[in-house]
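# Chain and residue survey
Spelled out, the chains give:
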Amino acid sequence: MARHKEFEVNEVLDKAIQLFWMQGYEKTSMQELVDFMGIHRRSIYDTFGDKHALFIKALQRYEAIQNKKLRLLVEKQEPVKELIRQFLESSIEKEGEPQGCFIVNSGVELGLLDPEVSSLVEDSYSKTEKLLYNLIFISQQTGEIEAHLDPEALSHFFMNVWLGLRTMVKTATDKGKLSGIIHTSLSILG
């Protein structure tokens, strides 16, 4: 007879996200996952698979949550420059979360070593870049951003700024410096 799960899958997966985000894949042991997630080792294996499978599921969930947040931001009826400012500031104004970005951290730690992680990270970056491209392109059609600017180059540029901020925030103690980077980056839009 199958045993009834005594936990909500997404709740324990969110705990795995937090631990992997804080420590990285390599430095996180199965015992730490058991303790932090608050479920039995057997339940982890039965529900998620091995440590790598759990890590992939955690990355996928994190990416889906982040993608939804970005889509909601873009759907706001605000000027595009303000939306891009909020997008960039989301990297430095985090409460209750580890610094940086779980996707970026995972790409840096495992991108060259793990093709599955590399593919997930690249797909996440591509979705974000496409979202930026569409936002910029539409704003050019409405005249909010000058039409002569290359929307693809701008989407690459703002993606690079966003990734840089998500990396710098892990060690930067001067939030004014990060805000200055955002201000300077936005000046490209006029």
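Structure: see above.
Overview of the structure. Keep in mind it's a predicted model, so treat the numbers as computed, not measured.

Let us now look at the pattern of salt bridges. Under the definition given, this model contains six salt bridges. Among the salt bridges present, the one from Glu97 reaches Lys69, with a minimum N-O distance of 3.6 Å. Of this pair, Glu97 sits in the loop between α5 (80-89) and α6 (102-110) while Lys69 sits in helix α4 (residues 51-74), placing them 28 residues apart in sequence. Taking the relative accessible area as the measure of exposure, Glu97 reaches 25% and is therefore partly exposed. Of the charged contacts, one joins Lys127 and Asp123 as a salt bridge, the two residues approaching to 3.5 Å between their closest N and O atoms. With Lys127 and Asp123 both in helix α7 (residues 115-141) and four residues apart, the pair spans about one turn of that helix. Asp123 gets classed as partly exposed once you look at its relative accessible area, which sits at 38%. Through salt bridges that share partners, Glu63, Asp123 and Lys127 make up one connected network.

Those residues of α6 that fall on the buried side of the exposure criterion are Phe102, Ile103, Val104, Asn105, Ser106 and Leu110. At its buried positions, α6 is contacted by α1 (9-23), α4, α7 and α8 (151-168).

Structurally, Gln86 can be placed in helix α5. Under the relative-accessibility criterion, Gln86 is labelled buried at 18%.

Right, let's talk about the packing of α4 against α7 for a bit. Following both chains from N to C, one finds α4 and α7 inclined at 5°, their axes separated by 10 Å at the closest point. Relative to α7, α4 is oriented roughly parallel. Contacts between α4 and α7 pair His52, Phe55, Ile56, Leu59, Gln60, Glu63, Asn67, Leu70, Arg71 and Val74 from the former with Glu116, Val117, Leu120, Ser124, Lys127, Thr128, Leu131 and Leu135 from the latter. Looking at the contact of α4 with α7 residue by residue, the classes come out as nine nonpolar, five polar and four charged.

Helix length check: α1, at 15 residues, gives a terminal C-alpha distance of 21 Å against a target of 21 Å (1.5 Å per residue), a fit within 8%. Within α1, burial applies to Val12, Leu13, Ala16, Ile17, Leu19, Phe20 and Trp21. Where the residues of α1 are buried, they touch α2 (30-37), α3 (41-48), α4 and α6. With a side-chain oxygen positioned 3.1 Å from the backbone nitrogen of Asn10, the residue opening α1 is Glu8.

The rules we used
- Residues numbered from 1 in each chain as written.
- Predicted model: local features only at pLDDT ≥ 70, side-chain atom pairs only at ≥ 80, totals over all residues.
- Heavy atoms only, no water.
- Salt bridge = Lys/Arg side-chain N within 4 Å of Asp/Glu carboxyl O.
- Helix = DSSP H or I, 4+ residues; strand = E, 2+ residues; numbered from the N terminus.
- Buried < 20%, exposed > 50% of the residue type's maximum accessible area, 1.4 Å probe, protein only.
- Contact = heavy atoms within 4.5 Å.
- Axes fitted to C-alpha atoms, helices over the stretch in contact; angles between N-to-C directions.
- Parallel < 35°, antiparallel > 145°, perpendicular 65-115°, else oblique.
- Nonpolar A, V, L, I, M, F, W, Y, C, P; charged D, E, K, R; others polar.
- Expected span 1.5 Å × (residues − 1).
- Polar contact = N/O pair within 3.5 Å; in protein donor to acceptor, adjacent residues only side chain to side chain.

By themselves, these observations are geometric and do not establish any function.
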